[in-house]
Amino acid sequence: MKPQAADDREAVRQTLEGDRQAFRFIVERYTPLLYSLAARLLGPGPEVEDAVQEIFERLYRNLRRYDPARSFHPWMYTIALNHLRSARRRSRRGGPRGATPVDPLLLDARAAPEGAREDPAQRAADAEGERLAARALEGLPARYREVFVLRQMEGLSVAEVAAVLSMPEGTVKTLLHRARQRLAERLTREGWT
Amino acid sequence: MKPSAPRGVYGGMEAEEPMTCTRWRSELVSWLQSRWETAEGAATALPRELAEHAAHCASCAQRLAAAQVLAAGTSRRPLPPPGLAERIGRRLLELPREVAFRRSGWVRPAVRWGLLPVAAALAAAVGTAALFGAFTPRERAMAGLPAAGTVIVRFVLEAPQARQVALVGDWNQWDPRAQPLSDADGDGVWEAQIPLRRGQEHQYQFLIDGTVWVPDPHAALQVEDGLGGVNSVLQI
């Protein structure tokens, strides 16, 4: 077992034995990953933080049901995805997300992503890019979007994506290919922006 | 913005006329596809032509920004705001303690702040005979049971802000130093297990940090202590 996987299981075991502080180890380690996943699936906005908080609460409450014979990572991602799907449904009631303009000042409050530029005009362009990318992802069917984000953006292996989404590996590859095609099409479409 | 100039030779440095947006977009997509197919970490530099056209075409600049977000992998994640993990961790500690626990027989919320006469727990473990003193003294000692006529009572108080919590009652002459509770795992739940005589009424309170008197909020009976406060009453 890789050292990191062993650490995760040990933290889970200790939490279940009564040491709640042990769960904070899980929170520290996985906040960046889950934040990234949530931001990419929900699009930029203040609900991303709430979603991450809620995912950790779900993980914590469901810890009893985690089977230590299984790997922690895919179990965590499965729970995260379930929550993000329902979070999307809740926020959709307010209208399509991609249409909400992202306030560049809101993005300024976050740590700047690598490669983000200092110049305010460039930052506004970056914010616009995030909005459009989110809109492009919104336009994908749910399974395409999930495969694309998990595999392409979050770097999960094909096997792991297959486990998290409960689909054969071949399907993962097919959906990824189709997602890429559709996104490319979007980018070249006339009058899209 | 679609100039109708005929296409010239295309090959990097030999392009002779301004790139059209249409052509630019298909170049963008080629670049994006190559980014997607490249192993993470291997750079696929943005071709100069792409950057130059985008520098003076706002619409294409937006598409470029979107493409860069879509090309971003694990090396260009959106970052959480500073302190987020810390805040989440702290809020989780506010959840009821037993939420995650597997251990059966854990203190349920209703009695979390009160007593858990171990008589009930013992009954589950060794059968109701223990309650009726059916064991010989030796059997009782071997089973770790308290002496006949006493029962071990577990006192529990949730006081996350406390530095020390004492159990103060008539059986220890109200001495705050006699029976401190302990919180071994630091989760704010203090407890102690105390043998008390059966068939008697006991009065007690908790004393937090040597200064704050707290009756047991879930004791079935409370009586005035004659000093303006309230004692909790335990009848076993």
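Everything below is about the structure shown above.
What you see is a predicted model; the values in this text were computed from it and never measured. Counting of residues starts from 1 at the beginning of each chain's written sequence and follows it residue by residue. To read the labels, note that chains go from A and ligands from 1, taken in the order they are written. Local features in this predicted model are restricted to residues whose pLDDT is 70 or higher, and side-chain atom pairs enter the listing and the counts only when it is 80 or higher, whereas totals over whole chains, interfaces and linings include all residues. To obtain the side-chain values, all non-hydrogen atoms of the structure were included, while hydrogens and water were left out.

Caption draft 1: Inspection of the overall build of chain B at higher detail. Put simply, DSSP H or I for four residues or longer makes a helix, DSSP E for two residues or longer makes a strand, and each gets a number counted from the N terminus. A count of helices and strands for chain B gives 6 helices and 9 strands. Using a 1.4 Å probe on the protein chains alone, a residue whose accessible area is under 20% of its type maximum counts as buried, one over 50% counts as exposed, and one in between counts as partly exposed. Among the 236 residues that make up chain B, the fraction classed as buried is 39%. For every accessible area listed, the method is Shrake-Rupley and the probe measures 1.4 Å; residues are considered covered only by the protein chains on display. Split by element, the accessible area of chain B, about 12900 Å² in all, is 56% carbon and sulfur.

Caption draft 2: Expanded view of the interface of chain A and chain B. Residues are treated as being in contact if the distance between any of their heavy atoms lies within 4.5 Å. The interface of chain A with chain B comprises 56 residues on the first partner and 50 residues on the second. Here the quantity called buried area is the accessible surface, traced with a 1.4 Å probe, that two parts lose on coming together, added over both. With both sides pooled, the region where chain A packs onto chain B buries about 5000 Å², and carbon together with sulfur makes up 59% of that total. Any carboxyl oxygen of Asp or Glu within 4 Å of a side-chain nitrogen of Lys or Arg constitutes a salt bridge here. For the pair chain A and chain B, the interface holds 4 salt bridges. The salt bridge partner of Arg77 of chain B is Glu154 of chain A, with a shortest N-O separation of 3.0 Å. What qualifies as a polar contact is a pair of N or O atoms within 3.5 Å, subject to a donor-acceptor requirement within protein and to the restriction that residues adjacent in sequence count only when both atoms come from side chains. The interface formed by chain A and chain B contains 15 residue pairs in polar contact (both at pLDDT 80 or more). Of all the secondary-structure elements, those providing two or more residues to the side of chain A that touches chain B are helix H1 (3-17), helix H2 (21-42), helix H3 (47-61), helix H6 (120-138), helix H7 (142-153) and helix H9 (169-188) of chain A. Element by element, the count of residues in the side of chain A that touches chain B is highest for H2 of chain A, at 12 residues. Think of it as three bins: nonpolar holds Ala, Val, Leu, Ile, Met, Phe, Trp, Tyr, Cys and Pro, charged holds Asp, Glu, Lys and Arg, and polar takes everything else, Gly as well. The class makeup of the residues in the side of chain A that touches chain B is 25 nonpolar, 12 polar and 19 charged.

Caption draft 3: Broad picture of the pattern of salt bridges. Residues and elements named next belong to chain A. Scanning the model with the defined rule gives 16 salt bridges over all chains in all. Its salt-bridge partner being Arg40, residue Glu154 comes within 2.8 Å of it at the nearest N-O pair. With Glu154 in the loop between H7 and helix H8 (158-165) and Arg40 in helix H2, this residue pair connects regions lying 114 residues apart in the sequence. Take Glu154: its relative accessible area is 3%, and that puts it in the buried class.

Caption draft 4: Geometry of the nonpolar core. Residues belong to a common nonpolar core when they are buried Ala, Val, Leu, Ile, Met, Phe, Trp, Tyr or Cys residues joined through side-chain atoms within 4.5 Å. With 81 residues, the main nonpolar core has Phe23, Phe56, Leu59, Phe148 and Leu150 of chain A together with Leu70 of chain B as its most contacted residues. The element contributing the most residues to this core is H2 of chain A, with 12 residues. Filtering out sequence-adjacent residues up to four positions away, Phe23 of chain A remains in contact with Thr15, Phe56, Leu59, Tyr60 and Leu63 of chain A together with Leu92 of chain B.

Caption draft 5: Highlighting the state of the cysteines. All names here are of chain B. By convention in this document, the label disulfide applies to cysteine sulfur atom pairs within 2.5 Å. For the coordinates displayed, the defined rule picks out 0 disulfides over all chains. The closest cysteine sulfur to the non-disulfide-bonded Cys57 is located on Cys60, 3.5 Å from its own sulfur. On the basis of relative accessible area, Cys60 is assigned to the buried category, the value being 0%.

Caption draft 6: Fine view of the packing of aromatic side chains. Aromatic pairing here means that ring centres of Phe, Tyr or Trp (its six-membered ring) are within 6.5 Å. Orientation follows from the plane angle: under 30 degrees is stacked, over 60 is edge-to-face, and everything else is tilted. Summed over the entire model, instances satisfying the criterion amount to 10 aromatic pairs over all chains. Here the aromatic rings of Trp171 of chain B and Tyr204 of chain B are separated by 6.2 Å at their centres, their planes lie at 50°, and the arrangement is tilted. Placement of Trp171 of chain B in the loop between strand E3 (165-169) and strand E4 (179-180) and of Tyr204 of chain B in strand E6 (residues 201-208) is noted, with a sequence separation of 33 residues between them. Both residues of the pair, Trp171 of chain B and Tyr204 of chain B, count as buried. One aromatic cluster in this structure is built from Tyr30, Tyr66, Phe72 and Trp75 of chain A.

Caption draft 7: Structural view of the side chain of Arg25 of chain B. Secondary-structure assignment places Arg25 of chain B in helix H1 (residues 21-37). Since its relative accessible area comes to 6%, Arg25 of chain B is described here as buried. When near neighbours in sequence (up to four residues on either side) are disregarded, Arg25 of chain B contacts Leu187, Thr188, Arg189 and Glu190 of chain A together with Arg63 of chain B.

Caption draft 8: Broad picture of the packing of H1 of chain B against helix H2 (residues 48-55) of chain B. All names here are of chain B. Each axis is a line fitted through C-alpha atoms, and for a helix only the stretch in contact is used; angles between axes span 0 to 180 degrees, taken between their N-to-C directions. Packing of H1 against H2 leaves a shortest axis separation of 10 Å and a crossing angle of 135°. In terms of orientation, H1 lies oblique with respect to H2. Considering only the axes of H1 and H2, their crossing is left-handed. Facing H1, whose interface residues are Cys21, Arg23, Trp24, Glu27, Leu28 and Trp31, H2 presents Glu49, Leu50, His53 and Ala54. Grouping the constituent residues of the contact of H1 with H2 by class yields 6 nonpolar, 1 polar and 3 charged. Oblique is the label for any angle not covered by the other classes, which are roughly parallel (under 35 degrees), roughly antiparallel (over 145) and roughly perpendicular (65 to 115). It is the rotation of the near helix from the far one that decides the hand of a crossing: anticlockwise by less than a right angle makes it left-handed, clockwise makes it right-handed.

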